[in-house]
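Residues per chain are reported as follows:
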Amino acid sequence: GRGEGGARMIKIEALRAGYGSKEVLRGINLEIASGEFIGILGPNACGKSTLVKALSGVISPTDGDIYLNGGRISEIPPLELAKLVAVIPQSTEIPFPFTGEELVSMGRFPHTGRFSALSESDVKHIQKALEETDTVALSGRLVTEISGGERQRLILARALAQQTPVLIMDEGTAAMDAHRKIDAFDLLRRKNREGMTVICVMHDLNLAALYCDRLIFMKEGEIAKDGPTGEVFSRETIEAVYKTRVEIFAHPRIDRPQAVFIPEALE
């Protein structure tokens, strides 16, 4: 549940951020403890990806502060930040013809420096990440010649090779087949049990409810609801956030809620 694993990993205070004169995040306050598994949900353009960009230092807040592991994000050098947070971005377009293994090995840059040779330990981490994501067969293929879902698995492997205490994924399984999605989340769940803090921006409500212990629903740049999955994954919250009628039921095999949308035309 919430706050398990203890120490505060991330603290966001009165965060405002956006692009140019367009404000997207309007005063976000949030604390994330080390070892949580969190889903960030909400309709398109509600600010989910902007929050990820602010959390990973890609954009600077216009107001407020983000603290990571006790330090202010704006004051953490990029290389140090990359040792703390691995990010799986939404877009997996990689225009350069790297091999799968080269792509995954980039996860070691924060530890080795870009132009240093990989150590034995680096190679071990890369190999392990390829095995865990079932991408060994892709290690020699060019990333420009494989499917989007395959690329996403390699990008997940790159993030794991980075060996960070925090992993943030922005829709990082969208292009994967159903069984690959489940595999990826099973893997993230294992990593989470080993102590990694996992934060996933997701579209798939039911997948989020299956894996995340805490859900943060966003709406129009603000947090609409935040709490343990069993409490906040409710008809009331989902209907308010998504403006669509929904029915909630219990998963037949495990103690997790699931949602079905009710199309107006079929009632």
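Our subject is the structure that appears above.
In this report, we go over the structure that sits alongside the text. All values reported here derive from a predicted model rather than from experimental measurement.

### Notes on the sheet that holds strand 5 (residues 71-72)
Right, so step 1: With antiparallel pairing, four strands are arranged side by side in an open sheet as 2-1-4-5. Each having just a single partner strand, strand 2 (22-33) and strand 5 make up the two edges of the open sheet.
Right, so step 2: As paired strands, strand 1 (residues 8-19) and strand 2 are joined by nine bridges and run antiparallel to one another. In the sheet register, Ile10 faces strand 2, and the bridge partner there is Ile32.
Right, so step 3: Along the sheet, helix 1 (residues 48-55) contacts strand 1, strand 2 and strand 4 (63-68); its crossing angle with strand 1, the most-contacted strand, is approximately 120°.

### Regarding the layout of surface pockets
It is a probe the size of a water molecule, rolled over the atoms, that shows where empty space is left.
Right, so step 1: Within this model, the largest pocket holds a volume of roughly 750 Å³.
Right, so step 2: What lines the largest pocket is a set of 27 residues, and nearest its centre among them are Ala82, Val85, Val87, Arg158 and Gln162.
Right, so step 3: Breaking the lining of the largest pocket down by element, the ones donating at least two residues are helix 1, helix 2 (78-84), strand 6 (85-88), helix 4 (109-112) and helix 6 (148-161).
Right, so step 4: When residues in the lining of the largest pocket are grouped by element, the largest group, four residues, is from helix 2.
Right, so step 5: A per-class count over the lining of the largest pocket returns 16 nonpolar, seven polar and four charged.
Right, so step 6: One number sums up the size of the second largest pocket: a volume of about 240 Å³.
Right, so step 7: Around the second largest pocket, the lining comprises 19 residues; the ones closest to its centre are Asn44, Ala45, Cys46, Gly47 and Lys48.
Right, so step 8: Of all the elements in the fold, those that place two or more residues in the lining of the second largest pocket are strand 2 and helix 1.
Right, so step 9: Per element, the largest residue contribution to the lining of the second largest pocket is four residues, and it comes from strand 2.
Right, so step 10: Of the residues contributing to the lining of the second largest pocket, the split by class is five nonpolar, seven polar and seven charged.

Conventions adopted
Residues numbered from 1 in each chain as written. Predicted model: local features only at pLDDT ≥ 70, side-chain atom pairs only at ≥ 80, totals over all residues. Heavy atoms only, no water. Pairing = 2+ DSSP bridges. Helix = DSSP H or I, 4+ residues; strand = E, 2+ residues; numbered from the N terminus. Contact = heavy atoms within 4.5 Å. Axes fitted to C-alpha atoms, helices over the stretch in contact; angles between N-to-C directions. 1 Å grid on protein atoms, 1.4 Å probe; cavity = no way out; pocket = protein on both sides within 12 Å on 5 of 7 lines; lining within 4 Å. Points joined across faces, edges and corners; volume = space filled by probe spheres on them. Nonpolar A, V, L, I, M, F, W, Y, C, P; charged D, E, K, R; others polar.

No statement about biological role is implied by the geometric values presented.
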